[in-house]
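Chain by chain, the residues:
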Amino acid sequence: MRAVILRDGRFSVESVPDPKPVAGSVVLQVAACGICGTDHGIFKNRLLPDGAILGHEFAGTVVEVGNGVVDWQEGDRAAVLPIPFCGRCELCLNDKQNLCRHGLLNTIGCSGEAGGLAERVLVSTASLRRLPSSLDPQLAALVDPLAVALHAVNLGSVHPGTRVGVLGLGPLGLFSALIARQHGGMGFGLDHRPARVECAHALGLGAFTSDDEADERIRDLTNGGPDVVIEASGRPESIERAATLARVGGRVVMVSSYHAPAEIKPGRWLTRGISLLPSIAYTSQEFETALELLAMRRIDATQLVTGVHSLEETQSVFDRFETQNDAIKILLDPTLRRSEA
Ligand SMILES: [Zn+2]
Ligand SMILES: [Zn+2]
């Protein structure tokens, strides 16, 4: 099969042996795999060794089943929950499954476990979630980022009337704003990229281009600042900005990947009573809810997909990840044979 292999800090498509099904697992043919800030961070900071196959946001069709697998068969379509929660640790047993060390250290596509940037992937049946016929398997690649946003909104306790500010309108920011609205929150988003602000408007969300007056405008509209600010830009300096934007006694939910230090003014957090809530991953229940939200079209994710590319285009997608201003969610489709222009 063709797979995108990371070698010497670059991606190239190589021909590698097809994965063989083992007991309790299936071989999934990938319909699409999304790229996010976590993948970009792994690439940029060289967090995985040579030979790794990235990709944790994917879905597809079962093409082979291993011994003992009875509830899945060839042709079944599934989304992959890439985090193998152990289900036994103190965190898993105490409502903090998203922090399970076994899960986070062995996530498919992030840890050395071969991921979705390939034609086929070996997946344990414990990681499969059945797709209803209403859900396009390419769109199901967005279940993972939607679940990440759902966890952030849940952690931020967004209820009817909660005033919400979202910094950064990439996939996580837009999904957070959409879910916050669904929970009855009143939200405003900010981004310095006009195309992302336009996408937010197209989704019926309140959003502004991030300039000197934008924070003041949001403070005005929310009568003193949002109750909760969801930091989804991934810019370390944005964390302090979130604390300044939030109303006194408010909370900041941090939901991106951060790979650089940030300067904060602890005195400001202290005197304004701002809580910081770091939000990583999701619980399996939240993953299942996210899948339902997409399947029932309660969240319309189609507008977030701004490009579907071939595996051969992976390197250029990563090269443009931080600079391509009109991109929101990029999917890689292993069935496409378009070569890099
Ligand atoms: Zn991701
Ligand atoms: Zn656990």
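In this report, we go over the structure that sits alongside the text. For every chain, the first residue of the written sequence is number 1, and numbering continues from 1 onward in sequence order. Chains carry letters and ligands carry numbers; both start at the beginning, A for chains and 1 for ligands, and go up in the order they are written. In keeping with the predicted nature of the model, local features appear solely for residues at pLDDT of at least 70, side-chain atom pairs appear and are counted solely at 80 or more, and the whole-chain, interface and lining totals rest on all residues. No hydrogens and no water enter the side-chain calculation; it runs on all heavy atoms of the structure.

### So, the coordination of the zinc ion (ligand 1)
Only nitrogen, oxygen and sulfur atoms qualify as donors, provided they sit within 2.8 Å of the metal or within 3.2 Å for Na, K and Ca; with water excluded from the atoms, sites may seem incomplete. For the zinc ion (ligand 1), the protein coordination sphere consists of Cys-36 (SG), His-56 (NE2) and Glu-57 (OE), at 2.0 to 2.2 Å. Counting gaps between the donor residues of the zinc ion (ligand 1) yields the pattern C-x19-H-E. Placement of the pair is Cys-36 in the loop between β3 (25-35) and α1 (37-44) and His-56 in the loop between α1 and β4 (57-65), with a sequence separation of 20 residues. As far as burial versus exposure is concerned, Cys-36 and His-56 are alike and both buried. The numbering of helices and of strands both runs from the N terminus, where a helix is a DSSP run of H or I of at least 4 residues and a strand a run of E of at least 2. Accessible area is worked out with a 1.4 Å probe on protein chains only. A residue is then buried under 20% of its type maximum, exposed over 50%, and partly exposed in between.

### Considering the sheet that holds strand β10 (residues 206-209)
Two strands pair under a simple rule: DSSP has to find at least two bridges between them. On the basis of which strands lie adjacent, the open sheet formed by six strands has the order β10-β9-β8-β11-β12-β13 and parallel pairing. Two strands lie at the open edges of the sheet, namely β10 and β13 (275-278), each paired on one side alone. Sheet twist, expressed as the mean angle between neighbouring strand axes with direction ignored, is 20 degrees. Strand direction decides the pairing type here: strand β8 (residues 163-167) and strand β9 (residues 186-191), joined by five bridges, are parallel. Looking at β9, one finds that Arg-163 is bridged to Met-186. What makes two residues a contact is simply this: any of their non-hydrogen atoms within 4.5 Å. Between N-to-C directions, angles span 0 to 180 degrees; the directions come from axes that are lines fitted to C-alpha atoms, helices contributing only their stretch in contact. On the sheet, helix α6 (residues 194-202) packs against β9 and β10 and is oriented at approximately 165 degrees with respect to β10.

### Considering the coordination of the zinc ion (ligand 2)
With distances of 2.3 to 2.4 Å, the protein atoms coordinating the zinc ion (ligand 2) are Cys-86 (SG), Cys-89 (SG), Cys-92 (SG) and Cys-100 (SG). In this structure, the zinc ion (ligand 2) is coordinated by four donor atoms arranged in tetrahedral fashion, with angles at the metal of 103 to 118 degrees. Read in sequence order, the donor residues for the zinc ion (ligand 2) give the motif C-x2-C-x2-C-x7-C. Per residue, the accessibility class of Cys-92 equals that of Cys-100, and both read buried. Angle rules define the geometry names used: all angles between 85 and 135 degrees makes four donors tetrahedral, while opposite donors over 155 degrees apart and all other angles between 65 and 115 make four donors square planar and six octahedral, leaving every other case irregular.

### Considerations on the side chain of Lys-329
Mapping Lys-329 onto the fold places it in strand β15 (residues 329-332). You can call Lys-329 buried: its relative accessible area is 1%. A distance of 3.0 Å separates a polar atom in the side chain of Lys-329 from the backbone oxygen of Ile-35. Every residue in contact with Lys-329, bar those within four places of it in the chain, is listed here: Gly-34, Ile-35, Cys-36, Glu-57, Leu-142, Pro-145, Pro-171, Leu-304, Val-305, Thr-306 and Gly-307. As used in this structure description, the phrase polar contact means that two N or O atoms lie within 3.5 Å; if the pair is within protein, one of them must be able to donate a hydrogen and the other to accept it, and residues adjacent in sequence are counted only when both atoms belong to side chains.

### Quick look at the nonpolar core
By nonpolar core we mean a set of buried residues, namely Ala, Val, Leu, Ile, Met, Phe, Trp, Tyr and Cys, connected to one another through side-chain atoms within 4.5 Å. Ranked by internal contacts, the top residues of the largest apolar core, which has 54 residues, are Leu-174 and Phe-175. Elements that contribute at least two residues to this core include exactly α4 (143-155), β8, α5 (171-182), α6, β11 (228-231) and α10 (284-295). No other element matches α4, which puts eight residues into this core. With 36 residues, the next largest nonpolar core counts Ala-3, Val-62, Val-69 and Leu-332 among its residues.

### So, the packing of α4 against α5
Two elements in contact, α4 and α5, have axes whose closest approach is 8 Å; the angle formed by their N-to-C orientations is 55 degrees. The angle between the axes of α4 and α5 places the two elements in the oblique class. Along this stretch, α4 crosses α5, giving a crossing that reads as right-handed. Counted together, Pro-145, Leu-146, Val-148, Ala-149, Leu-150 and Val-153 of α4 and Leu-172, Phe-175, Ser-176, Ile-179 and Ala-180 of α5 form the full contact between these two elements. Among the residues forming the contact of α4 with α5, the class breakdown is ten nonpolar, one polar and no charged. Working definition: roughly parallel below 35 degrees, roughly antiparallel above 145 degrees, roughly perpendicular at 65 to 115 degrees, and oblique for all remaining angles. Take the far helix as your reference; a near helix turned counterclockwise from it by less than a right angle gives a left-handed crossing, and one turned clockwise gives a right-handed crossing. Residue polarity is assigned by list, with Asp, Glu, Lys and Arg as charged and Ala, Val, Leu, Ile, Met, Phe, Trp, Tyr, Cys and Pro as nonpolar; anything else, Gly included, falls into the polar class.

These figures capture arrangement, not role.
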